[in-house]
Amino acid sequence: MGNIGIWVFATCLIIQSGYGFYLPGSYPHKHLVGGYLSVKVNSITSIDTEMPFSYYSLPFCKPKEGVKDSAENLGELLMGDRIENSPYRFKMYTNETQIFLCQSDKLSADDFRLLKERIDEMYQVNLILENLPAIRYTMKEGLTLRWTGYPVGVKVQDAYYVFNHLKFKVLVHKYEETNVARMMGTGEAEVIPGIDNGGSPVPGYMVVGFEVVPCNVMHNGNLVRNLKMYEKYPSPIKCDQTSVSMPIKEGEPIVFTYEVAFEESDIKWPSRWDAYLKMEGSKVHWFSILNSLMVITFLAGIVLVIFLRTVRRDLTRYEELDRAQAQMTEELSGWKLVVGDVFRAPSNPALLCVMVGDGVQILGMAVVTILFAALGFMSPASRGTLITGMLFFYLILGIAAGYVSVRLWRTIGCGDHRGWASVAWKAACFFPGIAFLILTTLNFLLWGSHSTGAIPFSLFVILLLLWFCISVPLTLVGGYFGAKAPHIEYPVRTNQIPREIPAQKYPSWLLVLGAGTLPFGTLFIELFFIMSSIWMGRVYYVFGFLLIVLILLVVVCAEVSLVLTYMHLCVEDWKWWWKSFFASGSVAIYIFLYSINYLIFDLKSLSGPVSATLYLGYSLFMVLAVMFATGTIGFLSSFWFVHYLFSSVKLD
């Protein structure tokens, strides 16, 4: 794995050192003056309901050639994006005003009710030009706020107004021919400059910005009766953001118009996403990392003390000391008393093996995906690549899940081969099965609401095929290798009769549950940004920070679990297997409590039981994945620690 990481990193550095680093799937498109640019529409979204709907579910204008789906990847569909063509089209570097789009049919009672509902729920229309979402600027108390998309409409004193006129501003940058030559050198894109009759190259432009101002203007239905799409509206249109003038009424049509202005800009193609990714709160990220480092140092100190104490105490035992001292040492080291029981098989060993195997798979997927994202391979510019990447890495890492779970199963069974196939099968089906149950239930809710967030049936079948044709076979292959690999030998023998665990002052599970607070402390600040990106529609792109936080989380989980396992062994509690898993895995409980807190205090506007159920369902799914991954880190580090402890100690 290490070699692959180095290779990827080196490749990235080579690409980076080239002129202008273009993210995959975002090469410059040159347009000649007067060439057509077409706008696409995505699903309409709302942070009030978290349920996306198709743009054409509302009575908007449809393109002449009919509605067509744009090419999409798996990730986009899973995220509820439905990108379709739209009637809005521009001519490059040609300003146009008063363009008539269409007059809708007379609003039926259903259409009227639906429009009012969507305006009340604050739905946003999301337009895309050349892969850039439309951006809208508003002023509030002297501050400029940026939004992607614009509202369907607005409610003023019990009357509803739909934004029926859009004022577009397209920022363009002159296409530099040097770029073309450089890029042809890399073999990525070949753009041959057009030559006009005079023999000089025709200037081309690239789209580097897309802004929209929505307004509601008074249209006269009688003036547009004989107008065709893209013809000029007969009277001047004044677009004023601050006022509305034409409410929607049942039984009356809506007239849609737009205007477009082009503006040359200094923004270069590689930095055209900067407006969307303004680095807000980088200080907060650094603060969270420093905070985590303090927790880690504190825990590392405890771990160091444990190791030094055990080794030193072990040495003092063999030195020629008086009997009293030796007796005291013996009493102190309670963990040596459980030597005959420490490797006794846990209850439900198969379940533990399966959960650890699945945890390795989830953790591996998270690390690889975030590494690729931090290196710029999964930019927000290429929609859905993050989810597609996660799915791909998860399927491939089925091998790791099978190998780890079967090898652990054989270690617990002291090398016994029997039952490895059933453990591998369970590892292949356990976590995906839970995920499938949760997502299917949520999908039925979305289907019932006719939301585009619902996974289409065809995609459902594809996901099932991926699971059974790639993930399951790979997990079984991993299991086969795990069964062939030598099991881990225990350094000490286990007694026939289990030792009685002395009564504890406090229940050990209390300590295990409390241990989750430390890993939670390292990630809760980053968690806020991730939640905002999922539920508030903000773009999350600080994967470099996320990678650091993930590494810190792994270290904290390992340390917490190790310290707790040592504490249990010291009080002669030899049942450490499950406790070490849940010591770090209990961070999931705190994340779930945090997501409920986020629902109550940050998503105050979330309306309706369906939306809340969706939110809690997705949160539960996320929390389970976190529990498997963090629990695995804790268990594996504790297993290594116990093995190391009892193999390095000389026992009579």
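Under an unreviewed UniProt entry, the name given to the protein chain is Transmembrane 9 superfamily member, and the source organism is Hibiscus syriacus. As stated in UniProt under Sequence similarities (unreviewed entry), the record for the protein chain gives "Belongs to the nonaspanin (TM9SF) (TC 9.A.2) family."

Chemist: When you look at the overall build of the protein chain in this model, what are you seeing that I'm missing?
Modeler: When you go through the protein chain residue by residue, the secondary structure sums to 17 helices and 15 strands. Here the analysis covers contacts within the protein chain between residues at least 6 apart in sequence; of these, 84% occur between residues at least 24 apart. Approximately 31,600 Å² of the protein chain is accessible, and the part contributed by carbon and sulfur atoms is 64%.

Chemist: Sorry, what's going on with helix α10 (residues 420-448) here?
Modeler: An α-helical segment advances 3.6 residues per turn. Residues three or four places apart therefore align on the same side. Taking 1.5 Å per residue as the helical rise, α10 with its 29 residues ought to reach 42 Å, and the 42 Å between its terminal C-alpha atoms agrees with that figure. Positive phi appears at H450, one or two residues downstream of α10, with a value of about 55°.

Chemist: What exactly am I supposed to notice about the packing of aromatic side chains here?
Modeler: Enumeration over the complete set of coordinates arrives at 50 aromatic pairs. Between the aromatic rings of W273 and Y276, the centroid separation amounts to 5.0 Å while the plane-to-plane angle is 45°, which identifies the pairing as tilted. Three or more aromatic residues joined by ring pairs form one cluster here, namely F436, F444, W447, F460, W467 and F468. The residue whose ring lies beneath R89 is Y230, and the NZ or CZ to ring-centre distance is 4.0 Å. Here the guanidinium or amino end of R118 rests over the ring plane of F53, the centre of that ring lying 4.0 Å away.

Chemist: Mind showing me how you'd approach the pairing of strand β13 (residues 165-174) here?
Modeler: Counting buried positions along β13 gives 7 out of 10 residues, so the element sits mostly inside the fold. Both β13 and strand β15 (residues 255-264) contribute to a ladder of 8 bridges, which runs parallel. Considered in β15, the bridge of V172 is made with E264.

Chemist: What is the right way to look at the sheet that holds strand β7 (residues 132-133) in this model?
Modeler: Sheet strands line up and pair through hydrogen bonds in the backbone, either parallel or antiparallel. Strand order in the open sheet formed by 4 strands is β3-β2-β6-β7, with antiparallel pairing between adjacent strands. Sheet topology places β3 (84-91) and β7 at the edges, where each strand pairs with a single neighbour.

Chemist: Sorry, what's going on with the state of the cysteines here?
Modeler: Linking two cysteines covalently via their sulfur atoms produces the bond known as a disulfide. One pass over the structure, following the stated rule, counts 2 disulfides. Paired by a disulfide, C61 and C102 hold their sulfur atoms 2.0 Å apart. What sets the handedness of the C61 and C102 disulfide is the S-S torsion sign, and at about -90° it is left-handed. In this pair, C61 is assigned in the loop between β2 (36-41) and α2 (74-79) and C102 in strand β4 (residues 96-103), connecting sequence segments 41 residues apart.

Chemist: Would you explain the packing of helix α7 (residues 349-374) against helix α17 (residues 609-648) in this entry?
Modeler: When two helices pack together, their arrangement is given by the angle between the helix axes and by the axis-to-axis distance. The N-to-C vectors of α7 and α17 enclose an angle of 105°; their axes lie 7 Å apart at closest approach. Judged by the angle between their axes, α7 and α17 are roughly perpendicular. In contact with L352, M355, V356, D358, G359, V360, I362 and L363 of α7, α17 contributes A625, M627, F628, A629, T632, I633, F635 and L636. Residue classes in the contact of α7 with α17 are distributed as 13 nonpolar, 2 polar and 1 charged.

Chemist: Whenever I open this one, α7 confuses me. Can you help?
Modeler: Helix length check: α7, at 26 residues, gives a terminal C-alpha distance of 37 Å against a target of 38 Å (1.5 Å per residue), a fit within 8%. Once α7 ends, the next one or two residues include G376, with phi positive near 90°.

Chemist: How should I be thinking about the environment of D240 in this particular structure?
Modeler: Counting through the fold element by element, D240 comes out in the loop between β14 (204-215) and β15. Distance from D240 to K167, taken between C-alpha atoms, is 9.9 Å for residues 73 residues apart in sequence. Side chain to side chain, D240 and T242 meet in a polar contact 2.8 Å long. A polar contact of 3.2 Å, which involves the side chain of D240, links it to the side chain of S243.

Chemist: It is not clear to me how the side chain of E559 should be interpreted in this structure. Could you clarify?
Modeler: Summarising the element assignment, E559 is placed in helix α14 (residues 543-570). A relative accessible area of 12% means that E559 is categorised as buried. Excluding residues within four positions of it along the chain, E559 makes contact with I296, L299, A300 and V303.

Chemist: I tried to follow the nonpolar core on my own but got confused; where do I start?
Modeler: Proteins that are soluble and globular tend to have nonpolar side chains buried together. In this structure, F90, L127, F168, F210 and F646 are the most contacted members of the largest nonpolar core, which totals 145 residues. In terms of residues, this core owes the most to one element, α14, which gives 17 residues. Setting aside residues up to four positions removed in sequence, F90 forms contacts with G35, Y36, L37, V39, E96, L129, F168, V170, F210, Y258, V260 and F262. Grouped together as the second largest cluster of nonpolar side chains are 8 residues, F100, V224, Y233 and I237 included.

Chemist: What am I meant to see in the pairing of strand β8 (residues 135-140) here?
Modeler: Along any regular strand the residues' side chains alternate between the sheet's two faces. Examined bridge by bridge, β8 and strand β9 (residues 143-148) share 6 bridges and lie antiparallel to one another. Looking across to β9, one finds that R136 is bridged to W147. The hairpin formed by β8 and β9 contains 2 residues between the paired strands, and E141 there has a positive phi angle of roughly 50°.

Chemist: Even after reading the chapter, I still don't get the packing of helix α13 (residues 517-535) against helix α16 (residues 587-601), so can you show me in this structure?
Modeler: It is the contact of α13 with α16, at a shortest axis distance of 10 Å, that shows an interaxial angle of 40°. In terms of orientation, α13 lies oblique with respect to α16. Judged by the sense of rotation from one axis to the other, the crossing of α13 with α16 is right-handed. Packed against α13, whose contacting residues are T517, P519, F520, L523, F524, L527, F528, M531, S532 and W535, the element α16 presents V587, Y590, I591, Y594, S595 and Y598 at the interface.

Chemist: How do you make sense of unusual backbone geometry when you look at a structure like this?
Modeler: Glycine aside, negative phi is the norm for most residues, and most peptide bonds take the trans geometry. Look at Y93: it is not a glycine, yet its phi comes out positive at around 55°. Here Y93 is to be found in the loop between β3 and β4.

Chemist: What am I meant to see in the side chain of S532 here?
Modeler: As for its position among the elements, S532 is in helix α13. At 2.9 Å, the side chain of S532 and the backbone oxygen of F528 are in polar contact. Every residue in contact with S532, bar those within four places of it in the chain, is listed here: G537, R538 and Y598.

Chemist: Looking at this model, I keep getting lost on the environment of L599. Mind explaining?
Modeler: Structurally, L599 can be placed in helix α16. Classification of L599 as buried rests on a relative accessible area of 15%. Each C-alpha atom, one on L599 and one on L616, is 8.6 Å from the other, the two residues being 17 residues apart in sequence. Those residues in contact with L599 that lie beyond four places of it in its chain are K604, L606, Y615 and L616.

Chemist: Just to check I follow, could you spell out the pattern of salt bridges for this structure?
Modeler: Opposite charge on two side chains permits pairing when their charged atoms draw close. For the structure shown, the criterion picks out 9 salt bridges. Here E117 ties to R118 by a salt bridge, and the two come within 3.9 Å at their closest N and O atoms. On the basis of relative accessible area, R118 is assigned to the buried category, the value being 7%. It is possible to trace a salt-bridge network through shared partners that takes in R113, E117, R118 and E121.

Chemist: Hey, could you run me through empty space enclosed by the protein in this one?
Modeler: Over the atoms rolls a probe the size of a water molecule, and its path tells where empty space is left. Evaluation of the coordinates by the stated rule reveals 1 cavity of 30 Å³ or more. What lines the largest cavity is simply V162, N164, N216, M246, P247, I248, K249, E252, P253, I254 and V255. Per-class residue counts for the lining of the largest cavity are 7 nonpolar, 2 polar and 2 charged.

Conventions we followed
- Residues numbered from 1 in each chain as written.
- Predicted model: local features only at pLDDT ≥ 70, side-chain atom pairs only at ≥ 80, totals over all residues.
- Heavy atoms only, no water.
- UniProt positions renumbered as here; feature names shortened; annotations may be inferred.
- Helix = DSSP H or I, 4+ residues; strand = E, 2+ residues; numbered from the N terminus.
- Contact = heavy atoms within 4.5 Å.
- Areas by Shrake-Rupley, 256 points an atom, 1.4 Å probe, with all protein chains shown as cover.
- Expected span 1.5 Å × (residues − 1).
- Phe/Tyr/Trp six-rings, centres within 6.5 Å; stacked < 30°, edge-to-face > 60°.
- Lys NZ or Arg CZ within 6 Å of the ring centre and 35° of its normal.
- Buried < 20%, exposed > 50% of the residue type's maximum accessible area, 1.4 Å probe, protein only.
- Pairing = 2+ DSSP bridges.
- Disulfide = S-S within 2.5 Å.
- Axes fitted to C-alpha atoms, helices over the stretch in contact; angles between N-to-C directions.
- Parallel < 35°, antiparallel > 145°, perpendicular 65-115°, else oblique.
- Nonpolar A, V, L, I, M, F, W, Y, C, P; charged D, E, K, R; others polar.
- Polar contact = N/O pair within 3.5 Å; in protein donor to acceptor, adjacent residues only side chain to side chain.
- Core = buried A, V, L, I, M, F, W, Y, C linked by side-chain atoms within 4.5 Å.
- Left-handed = near helix turned anticlockwise from the far one by under 90°.
- Salt bridge = Lys/Arg side-chain N within 4 Å of Asp/Glu carboxyl O.
- 1 Å grid on protein atoms, 1.4 Å probe; cavity = no way out; pocket = protein on both sides within 12 Å on 5 of 7 lines; lining within 4 Å.
- Points joined across faces, edges and corners; volume = space filled by probe spheres on them.

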